[in-house]
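Coordinate analysis (summary)
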Amino acid sequence: MSKAISQVPLAINEPVRSYEPGSEEVKSLIATYKEMWKEKVNIPMVIGGKEVKTGDEVVITSPQDHQHNLGVYHKGTMQHVDDAINAALAAKEKWNNLGWEQRASIFLKAADLIAGPYRDRLNAATMIGQSKNVHQAEIDAACEFIDFLRFNVEFMTDLYSEQPISDNGIWNRSEYRPLEGFCFAVTPFNFTAISGNLPTCMALMGNVVVWKPSDKQIYSAKVIMDILTEAGLPDGVINMIFTDGKETADKVLAHPDFAGLHFTGSTKVFQSMWKQIGENIHQYKTYPRIVGETGGKDFVVAHPSANVEAVATALVRGAFEYQGQKCSAASRAYIPQSLWADVKAVMEKQMKTIKVGSPEDPSNFVNAVIDENSFKKCKGYIERAENSSDAEVIIGGKCDDSKGWFVEPTVIETKNPKYESVCEEIFGPILSVYVYEDAQWDETLKLVDETSPYSLTGAIFAQDRYAIADAYKALENAAGNFYINDKPTGAVVGQQPFGGARASGTNDKAGSKMNLLRWVSVRSIKETFVSAKDYKYPYLG
């Protein structure tokens, strides 16, 4: 037990490296990329601290070169899901009883390992496996993941310090226990930081975890497990499995010791899992915690008073960074008639300079979409727009799958505010623009609010403060992360806690103390120093 009230190091956001051309940092990263590109990896599951190789090998390829064999991962069966659950439960008591300072040290060490010796390797794995350029990999795999680890430790201590008041002769206190059972983390392909944060934030609070990463993110997931192992994470606390998604959910969500789901992925899958939990509710020892961040159809709405260059730049960055494969990506824009010609001209000028290609060349701003299904989906939206009477492709639109899954940054202009590409989540480098009459500002705000079932991110551009106030109120429920005169992407841990409501999730705000509160069960303790010796109260005389 602790014999001190320890203070953890003050969390500050990890500085983002610039990777300027010719710099030592970019030379080092690209050299690591090239070395890893030539490797043939053999990636096992990790269950109870042991590497598990099944022999059922699945070839890993890269989005920017789908013919290049990076190696294999070992696919598991439902027996491995059982093994992971059992390993987690076997590790639970010892992990629960470990002092919080010891848990904190592990994840603080992991952060320092990422900031130092593992930085290039984790970034390069993200570039190779998820097709992120040097900047997108840096702000995700390195900086955001480091921030999650360090700030979560600070948030944990803040949470533990929140205690009730006490009265004369009484000492009241609160204990923040881990959940009773095991937790399940299901993580996406698009952010290495999210993939790392979902299992580690639960483990930090004393929970044990079964972690199923996306099969499109296994390369960097393997590096994450290497880092956690070197940081001293005990065996069985986090168990990484590569198994069928639906079958795994069926097994995990039917287990009586299932205690919590931390999910980032599609709305449809999350809703299906929520339904399963409801149907199995009578089987559980405790009511499971359900936290999910799902889709988005994120907006940018410009007022006639907006700055043209600021709007255009926000659209180019917000829509096309990481090929639009961010749940926060700008995918629908509402531009007033009086500004549209100028905004369009600036966008065209900027987009002419965008290079598309492999992350190995740091000058490429746009890389490949994640896989063939994503490529075909994007291509379908572009082709239908080209043949539609309601829409037209005004910038970009080219697709090339000869080597990698490359989709050119594309802008669709539509006369129909309910056209499919305005309403539906695409998850690719496609931006839809609806031009509204300047006098229809209020009507446009209502349109923005009601068009999509999602409510993740959104941005308003205006110089007129009354217009900003109008949008602030009218779009109150349209975005969990709301930006004023900035693009709707790039939330920073500790600065803009991230999450949305409606069909976008439970809005439990990753990167905040609010999220950690979901992974504990509070016990209130009252200690009376001098106990009553007679049942009679004074009113009885």
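Fair warning: this is a prediction, and the values are worked out from it, not measured in the lab. (Residues numbered from 1 in each chain as written. Predicted model: local features only at pLDDT ≥ 70, side-chain atom pairs only at ≥ 80, totals over all residues. Heavy atoms only, no water.)

Concerning the overall build of the protein chain
As a reminder, the rule being used: Each helix is a run of H or I in the DSSP string that is no shorter than four residues. Each strand is a run of E no shorter than two, and both are numbered from the N terminus. Atoms considered for the radius of gyration are the C-alpha atoms alone. The globule rule reads 2.2 Å times the number of residues to the power 0.38. Classification of residues uses two cut-offs on accessible area relative to the type maximum, computed with a 1.4 Å probe and protein chains only: under 20% is buried, over 50% is exposed, and between them is partly exposed. By definition in these notes, contact holds between two residues if any of their heavy atoms fall within 4.5 Å. Surface exposure here means Shrake-Rupley accessible area, sampled with a 1.4 Å probe, where a residue is shielded only by the protein chains that are shown.
In terms of regular secondary structure, the protein chain is built from 16 helices and 23 strands. Relative to the 2.2 N^0.38 estimate, which gives 24 Å for 541 residues, the radius of gyration of the protein chain is 25 Å and therefore close to what a compact globule would have. Projected onto the principal axes, the alpha-carbon positions of the protein chain cover approximately 85 × 65 × 45 Å. Scored against the burial criterion, the 541 residues of the protein chain give a buried share of 57%. Taking the intrachain contacts of the protein chain between residues at least 6 apart in sequence as the baseline, contacts between residues at least 24 apart amount to 77%. Summed over all atoms, the accessible surface of the protein chain reaches about 23300 Å², with 50% contributed by carbon and sulfur.

A few points about empty space enclosed by the protein
Counted only if it meets this: Space inside and on the surface of the protein is sampled on a 1 Å grid over the protein atoms alone, with a cavity defined as a set of points where a 1.4 Å probe fits but cannot get out and a pocket as an open set with protein on both sides within 12 Å along at least 5 of 7 lines; lining residues have an atom within 4 Å of a point. Grid points are joined across faces, edges and corners, and a volume is the space filled by probe spheres set on the points. In the scheme used here, Gly and all other residues not listed as nonpolar or charged are polar, with Ala, Val, Leu, Ile, Met, Phe, Trp, Tyr, Cys and Pro taken as nonpolar and Asp, Glu, Lys and Arg as charged.
Per the counting criterion, the structure on display carries one cavity of 30 Å³ or more. By volume, the largest cavity amounts to about 100 Å³. The wall of the largest cavity is formed by 14 residues, among which G324, K326, A329, S331 and F427 lie closest to the centre. Partitioning the lining of the largest cavity into residue classes produces seven nonpolar, four polar and three charged.

Thoughts on the packing of helix 3 (residues 100-115) against helix 7 (residues 218-231)
In plain terms, the rule: All axes here are fitted lines through C-alpha atoms, helices being fitted over the stretch that makes contact, and every angle between N-to-C directions spans 0 to 180 degrees. Any angle between 65 and 115 degrees counts as roughly perpendicular, while under 35 counts as roughly parallel, over 145 as roughly antiparallel, and the rest as oblique. In this scheme the crossing of two helices becomes right-handed for a clockwise turn of the near helix relative to the far one and left-handed for an anticlockwise turn of less than a right angle.
Between helix 3 and helix 7, the least distance of the axes is 8 Å, while the angle of their chain directions is 125 degrees. Overall, the two elements helix 3 and helix 7 adopt an arrangement that is oblique. Considering the relative orientation of helix 3 and helix 7, their crossing is right-handed. Facing helix 3, whose interface residues are I106, F107, K109, A110, L113 and I114, helix 7 presents I227, L228, E230 and A231. A breakdown of the residues in the contact of helix 3 with helix 7 according to their chemical character gives eight nonpolar, no polar and two charged.

Some points on the nonpolar core
Here is the rule we go by: Take the buried residues of types Ala, Val, Leu, Ile, Met, Phe, Trp, Tyr and Cys, join any two whose side-chain atoms come within 4.5 Å, and each joined set is a nonpolar core.
In terms of nonpolar packing, the biggest core is built from 106 residues, with M205, W211, I238, F258 and L261 touching the most fellow members. For this core, the element with the highest residue contribution is helix 5 (residues 134-161), accounting for 13 residues. With residues up to four places along the chain from it excluded, the contact list for I238 reads V46, P199, T200, A203, V209, W211, M225, L228 and L233.

Some thoughts on the UniProt feature "active site" (unreviewed entry) in the protein chain
Put simply, the rule is: UniProt positions are given in the numbering used here, feature names are shortened, and annotations may be inferred rather than shown by experiment.
Using the residue numbers shown here, the UniProt feature "active site" (unreviewed entry) corresponds to E293. For E293, the position within the fold is in strand 11 (residues 289-293). On the basis of relative accessible area, E293 is assigned to the buried category, the value being 10%.

Focus: the pairing of strand 11
In plain terms, the rule: Note on pairing: DSSP must find at least two bridges between two strands before they are called paired. Whether a crossover is right-handed depends on one test, that the path from the first strand over the helix to the second runs clockwise when the strands point away from the viewer.
When you tally the buried positions in strand 11, you get four out of five residues, the bulk of the element. Bridge count for strand 10 (residues 258-264) against strand 11 is five bridges, and the pairing is parallel. The residue of strand 11 that forms the bridge with T264 is E293. The handedness of the strand 10 to strand 11 crossover, carried by helix 9 (residues 267-279), is right-handed.

Brief notes about the packing of aromatic side chains
Quick note on the threshold: Planes of paired rings set the category: under 30 degrees apart is stacked, over 60 is edge-to-face and the rest tilted, where pairs are Phe, Tyr or Trp rings (Trp by its six-membered ring) whose centres lie within 6.5 Å.
A complete count under the given rule lists 14 aromatic pairs for this structure. Measuring from centroid to centroid gives 5.9 Å for F151 and F155, while their planes differ by 40 degrees, and the two rings are tilted. Pair noted here: F151 and F155 are both in helix 5, with a separation of four residues, about one helical turn. The burial state of F151 is the same as that of F155; both residues are buried. When the centroid spacing of 5.7 Å and the interplanar angle of 90 degrees are considered together, the rings of F270 and W274 count as edge-to-face. In this pair, F270 and W274 both sit in helix 9, four residues apart, roughly one turn of the helix.

Observations concerning the UniProt feature "domain: Aldehyde dehydrogenase" (unreviewed entry) in the protein chain
The positions UniProt marks with the feature "domain: Aldehyde dehydrogenase" (unreviewed entry) are residues 57-523. Annotated as residues 57-523, this span is 42% helix and 21% strand, and its ends, taken at the C-alpha atoms, are 46 Å apart.

What about helix 15 (residues 465-474)?
What counts is decided by this rule: Each direction from the helix axis to a C-beta atom contributes to the arc, which is the arc of those directions.
Of all the positions in helix 15, only A467, I468 and A471 are classed as buried. For helix 15, the angular spread of buried residues about the axis comes to 100 degrees, placing them on one side. Seen from the buried face of helix 15, the exposed residues on the opposite side, beyond 90 degrees, are R465, Y466, Y472 and K473.

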